[in-house]
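# Structural description and commentary
Chain by chain, the residues run as shown.
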Amino acid sequence: MVSRIDRKQVVDTALRLLNEVGLDGLTLRGIAKELNVQAPALYWHFKNKQELLDEMATEMTRRMTGSMEGVGSGAGPHDGTWQEMVLESCRRVRRELLAYRDGGKVFSGTRMTDGTAAAVALDFLMISLTGAGFTLEAAARAWWTAYNFTVAVVIEEQSVHPVPGRREIRDPAYDQTERERQMGREFPLAAQAGQVMFGDLEQSFEAGLRIIVAGIEAGLGPQAQG
C-alpha cells in the first residue's frame, strides 16, 4: 500500500492513463486506483480535474521544451534558416502532442501552472526570429499563427486517429468511402475535397504549414518590413 504520493507521481500516472482511456475517461478516482491510494489522497495535490489537467499540460510543455531546444544548437539561436526553424518547431510540437491521446485538447484547454518551461521555448524562438531580422512584434505574431495552426490540426487529427501510434485505427465517422458514397453524387467536389483534407493528414499538415510559413515570409518577414 502506497502511503505517500507527490504531484509528479500523480501527473506521470495521469499522462500514462490518458493514452489508455482518453480525456473523457480520465478520472481522479481512476488515477488513485492506479496509484493504490484512496481518491481523497489526490485532493491534497489537486482540488479538481481541471487543476490536474493544468499540471499535465505544464508537464507536457516541459517535455516539449527539451525537444524544441534540440532544433538549434542547445538553447541558442537556430543554425539554419528561420523558415526551417519554424517548420521543424511546429513538427516537433505536433509529434509531442500526438504522443498523448487527446493531447491537443489537453494542451489547448488548460493554463500553465509554471510559466518557466513555456518561457524558455518562447524566448528561444524569439531570439531565433529576431536574429533573422524580424521585429519582436512580427516574430511573436508569426509564431502565434504557426503554433495555433499546429495545435488545431492536432486536435482534428486526433479526432480521426484517436489512438497514439496506431494510424490504421480511424474513427468510423471519418470513413472516406462512405462519405464519398453519401456526398459524391450531389456534391462531388466536396467529396473530393474531403479526401484531400482527411485522406493523408500528414501531407495535409505539411502543406498547410508551408502555406503558413510562406504567408509569414510575405507579410511579416524581414523583406516585407523593408
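Just so we're clear, the structure is a prediction, and the values are computed from it rather than from any experiment.

### Some details on the overall build of the chain
Secondary structure summary: the chain contains 10 helices and zero strands in total. Here the chain, with 226 residues, has 40% of them falling under the buried criterion. Within the chain, counting contacts between residues at least 6 apart in sequence, those at least 24 apart form 71% of the total. Accessible surface computed for the chain: about 12,300 Å², of which carbon and sulfur atoms make up 54%.

### Let's talk about helix α9 (residues 188–199)
Taking 1.5 Å per residue as the helical rise, α9 with its 12 residues ought to reach 16 Å, and the 16 Å between its terminal C-alpha atoms agrees with that figure. Those residues of α9 that sit buried are Ala-191, Gly-194 and Phe-198. Down the axis of α9, the sector holding all buried residues measures 55°, keeping them to one side. Opposite its buried face, α9 presents the exposed residues Leu-189, Gln-192 and Val-196, each directed more than 90 degrees away.

### Quick notes on the packing of helix α7 (residues 136–160) against helix α10 (residues 201–219)
Packing of α7 against α10 brings their axes to within 10 Å, and their N-to-C directions diverge by 165°. With respect to their mutual orientation, α7 and α10 come out roughly antiparallel. Remark: the crossing between α7 and α10 carries right-handed chirality. Touching Ala-142, Thr-145, Ala-146, Phe-149, Thr-150, Val-153, Glu-157 and Val-160 of α7 are Leu-201, Phe-205, Gly-208, Leu-209, Ile-212 and Ile-216, all from α10. Class assignment for the residues of the contact of α7 with α10 results in 10 nonpolar, three polar and one charged.

### Thoughts on the pattern of salt bridges
In the structure shown here, the tally under the stated rule is 16 salt bridges. With its nearest N and O atoms 3.5 Å apart, the salt bridge here joins Glu-55 to Arg-62. According to the relative accessible area criterion, Glu-55 is buried, its value standing at 9%. Residue Glu-88 is joined to Arg-91 by a salt bridge in which the shortest nitrogen-to-oxygen separation is 3.6 Å. One end of the pair, Glu-88, and the other, Arg-91, are both in helix α4 (residues 82–98), three residues apart, so they sit about a helical turn from each other. Take Glu-88: its relative accessible area is 21%, and that puts it in the partly exposed class. Judged by its relative accessible area of 19%, Arg-91 is buried. Here the salt bridges share partners, and the residues they tie into one network are Arg-7, Lys-8, Asp-12, Glu-55, Glu-59, Arg-62, Arg-63 and Asp-114.

### Digging into the layout of surface pockets
In this structure, the largest pocket encloses a volume near 500 Å³. Every residue lining the largest pocket is counted, 22 residues in all, and those nearest its centre are Thr-61, Phe-107, Ala-118, Trp-143 and Tyr-147. Those elements that provide at least two residues to the lining of the largest pocket are α3 (49–69), α5 (103–108), α6 (116–131) and α7. Split by residue class, the lining of the largest pocket holds 16 nonpolar, five polar and one charged. Estimates place the volume of the second largest pocket at around 160 Å³. Along its surface, the second largest pocket is lined by Phe-149, Val-153, Glu-156, Glu-157, Met-197, Phe-198, Leu-201, Ser-204 and Phe-205. Those elements that provide at least two residues to the lining of the second largest pocket are α7, α9 and α10. Counting residues per element, the lining of the second largest pocket draws most heavily on α7, at four residues.

The rules we used
- Within each chain, residues carry numbers counting from 1 in the order of the written sequence.
- Local features in this predicted model are restricted to residues of pLDDT 70 or higher, and side-chain atom pairs are both shown and tallied only at a pLDDT of 80 or more, whereas totals for entire chains, interfaces and linings draw on every residue.
- In computing side-chain values, all of the structure's heavy atoms are included and hydrogens and water are not.
- Secondary structure elements follow DSSP: runs of H or I of four or more residues count as helices, runs of E of two or more count as strands, with numbering from the N terminus.
- For each residue, the accessible area found with a 1.4 Å probe, counting protein chains only, is set against the maximum for its type, and the residue is called buried under 20%, exposed over 50%, and partly exposed in between.
- Contacts were defined at the residue level, with two residues in contact if any of their heavy atoms lie within 4.5 Å.
- Areas reported as accessible are Shrake-Rupley estimates using a 1.4 Å probe. Residue values count occlusion only from the protein chains shown.
- The length a helix should cover is 1.5 Å for every residue beyond the first.
- Think of it as the arc spanned by the lines of direction from the helix axis to the C-beta atoms.
- Between the N-to-C directions of two axes lies an angle of 0 to 180 degrees, each axis being a line fitted to C-alpha atoms and, for a helix, fitted only over the stretch in contact.
- Roughly parallel covers angles under 35 degrees, roughly antiparallel covers those over 145, roughly perpendicular covers 65 to 115, and oblique covers all other angles.
- A clockwise turn of the near helix away from the far one marks a right-handed crossing, whereas an anticlockwise turn of less than a right angle marks a left-handed crossing.
- Here the nonpolar group is Ala, Val, Leu, Ile, Met, Phe, Trp, Tyr, Cys and Pro; Asp, Glu, Lys and Arg are the charged ones; every other residue, Gly included, is treated as polar.
- The term salt bridge refers to a side-chain nitrogen of Lys or Arg lying within 4 Å of a carboxyl oxygen of Asp or Glu.
- In this analysis the probe radius is 1.4 Å and the grid spacing 1 Å, with only protein atoms considered; a cavity is a set of points the probe fits into but cannot get out of, a pocket is an open set with protein on both sides within 12 Å along at least five of seven lines, and lining residues have an atom within 4 Å of a point.
- Grid points are joined across faces, edges and corners, and a volume is the space filled by probe spheres set on the points.

Fair warning: the whole summary comes from geometry, so function is off the table for now.
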